[in-house]
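Coordinate analysis (summary)
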Amino acid sequence: MSGKTHMIIGATSSLFFLPTNRISATIICASFGALGGLILDIDTRKSKGAVLFRTVKKAVELLLALALIAILLGKEKDFFRVFDSWNWWNVICLASLFLLYWYGSTTPHRSFTHSIEFVILNTFLLYFLPNLFLCAFLIGELSHIVLDLFNKKHVTLSVLFRIKVSLNLASADGIVDRTLSFLGIVGLVILFVKTLFS
């Protein structure tokens, strides 16, 4: 399926399974669902998920360069004051998450990043998110895997047990993709309107 479809279905699925009655929570929940729907395609160079990862990677590289400059200038206390509320566990999880995404970006498409092992590691490393947003992200990831199961090319559901599945029902950019995208938008609008009037 296309990145657009993964994003739309990820957002719609998260709102369907995690209904909220506040518009702010609905928007953030849909955003995390959309991100979860995109992130698994970091293993495809031109995908929206890969572009997002490269952007975040550049931001992390800039942050590290600024940290190094602050240390060289003797201003590290001022620079790191921003992270005073963080504990080492948060830093370790973020660094591990970055390494997990980097490794995922080097693997073949629909292999490691589409596996249950990746989703479990990803969810564990994102523990510091509020539960609603973590669940929305997880639902977005799972919706991505379910959508890709319909493709003609197999999805590696488990790297450890070498489980590969394909339902062989649709091509990545065919009529099924466009139909799911349209239905996802309709569902998203309905769920947003429902939130506005609840």
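That block above? That's the structure.
Everything numeric in this text was worked out from a predicted model, so none of it was measured.

Judged by nonpolar contacts, the single largest core of 32 residues is most densely connected at Tyr101, Phe118 and Leu126. Counting only elements with at least two residues in this core, the list comes to helix H1 (3-17), helix H2 (23-39), helix H5 (88-105), helix H6 (116-125), helix H7 (131-149), strand E1 (155-158) and helix H8 (175-196). Sort the elements by how many residues they give to this core and H7 lands first, with 7 residues.

In the contact formed by H1 and H8, the axes pass within 8 Å of each other and the chain directions differ by 35°. Like other packed secondary-structure pairs, H1 and H8 cross with a definite hand, here left-handed. Facing Lys4, Thr5, Ile8, Ile9, Ala11, Thr12, Leu15 and Phe16 of H1, the residues of H8 in contact are Asp177, Leu180, Ser181, Gly184, Ile185, Gly187, Leu188, Leu191 and Phe192. Classifying every residue of the contact of H1 with H8 gives 10 nonpolar, 5 polar and 2 charged.

With that settled, the discussion passes to a nonpolar patch on the surface. The grouping of Ile23, Ile27, Ile185, Val189, Val193, Leu196 and Phe197 at the surface amounts to a nonpolar patch, some 680 Å² of accessible area in total. Counting residues per element, the ones that place at least two in the nonpolar patch are H2 and H8. Among the elements that take part in the nonpolar patch, H8 stands out by supplying 4 residues, more than any other. Ile23 gets classed as partly exposed once you look at its relative accessible area, which sits at 37%.

Throughout the structure, instances matching the rule amount to 1 salt bridge. A salt bridge links Asp148 to Arg110; the nearest nitrogen and oxygen atoms lie 3.4 Å apart. One end of the pair, Asp148, is in helix H7; the other, Arg110, is in the loop between H5 and H6, and 38 residues separate them in sequence. For the residue pair Asp148 and Arg110, the accessibility class agrees, reading buried in each case.

Moving on, we come to the packing of aromatic side chains. Taken as a whole and judged by the stated rule, the model has 5 aromatic pairs. The interplanar angle of 10° and the centroid separation of 5.2 Å between the aromatic rings of Phe32 and Phe133 together place this pair among those described as stacked. In this pair, Phe32 sits in helix H2 while Phe133 sits in helix H7, placing the two residues 101 residues apart along the sequence. Take Phe32 and Phe133: they sit in the same class, and that class is buried. When the ring of Tyr103 is compared with that of Phe112, the centres are 5.1 Å apart and the planes differ by 70°; the resulting orientation is edge-to-face. A relative accessible area of 42% means that Tyr103 is categorised as partly exposed. Phe112 sits in the buried class, given a relative accessible area of 12%.

Let's shift gears to the packing of H2 against H8. Direction vectors running N to C along H2 and H8 enclose 160°, while the axes themselves pass 9 Å from each other. In this view, H2 runs roughly antiparallel relative to H8, as classed from their interaxial angle. Considering only the axes of H2 and H8, their crossing is right-handed. Counted together, Ile23, Thr26, Ile27 and Ala30 of H2 and Phe192, Thr195 and Leu196 of H8 form the full contact between these two elements. Residue classes in the contact of H2 with H8 are distributed as 5 nonpolar, 2 polar and no charged.

Calculation criteria
Residues numbered from 1 in each chain as written. Predicted model: local features only at pLDDT ≥ 70, side-chain atom pairs only at ≥ 80, totals over all residues. Heavy atoms only, no water. Core = buried A, V, L, I, M, F, W, Y, C linked by side-chain atoms within 4.5 Å. Buried < 20%, exposed > 50% of the residue type's maximum accessible area, 1.4 Å probe, protein only. Helix = DSSP H or I, 4+ residues; strand = E, 2+ residues; numbered from the N terminus. Axes fitted to C-alpha atoms, helices over the stretch in contact; angles between N-to-C directions. Left-handed = near helix turned anticlockwise from the far one by under 90°. Contact = heavy atoms within 4.5 Å. Nonpolar A, V, L, I, M, F, W, Y, C, P; charged D, E, K, R; others polar. Patch = residues over 30% accessible without salt bridge, like charges linked within 9 Å, V, L, I, M, F, W, Y side chains within 5 Å. Areas by Shrake-Rupley, 256 points an atom, 1.4 Å probe, with all protein chains shown as cover. Salt bridge = Lys/Arg side-chain N within 4 Å of Asp/Glu carboxyl O. Phe/Tyr/Trp six-rings, centres within 6.5 Å; stacked < 30°, edge-to-face > 60°. Parallel < 35°, antiparallel > 145°, perpendicular 65-115°, else oblique.

The quantities given are spatial measurements derived from coordinates; they are silent on function.
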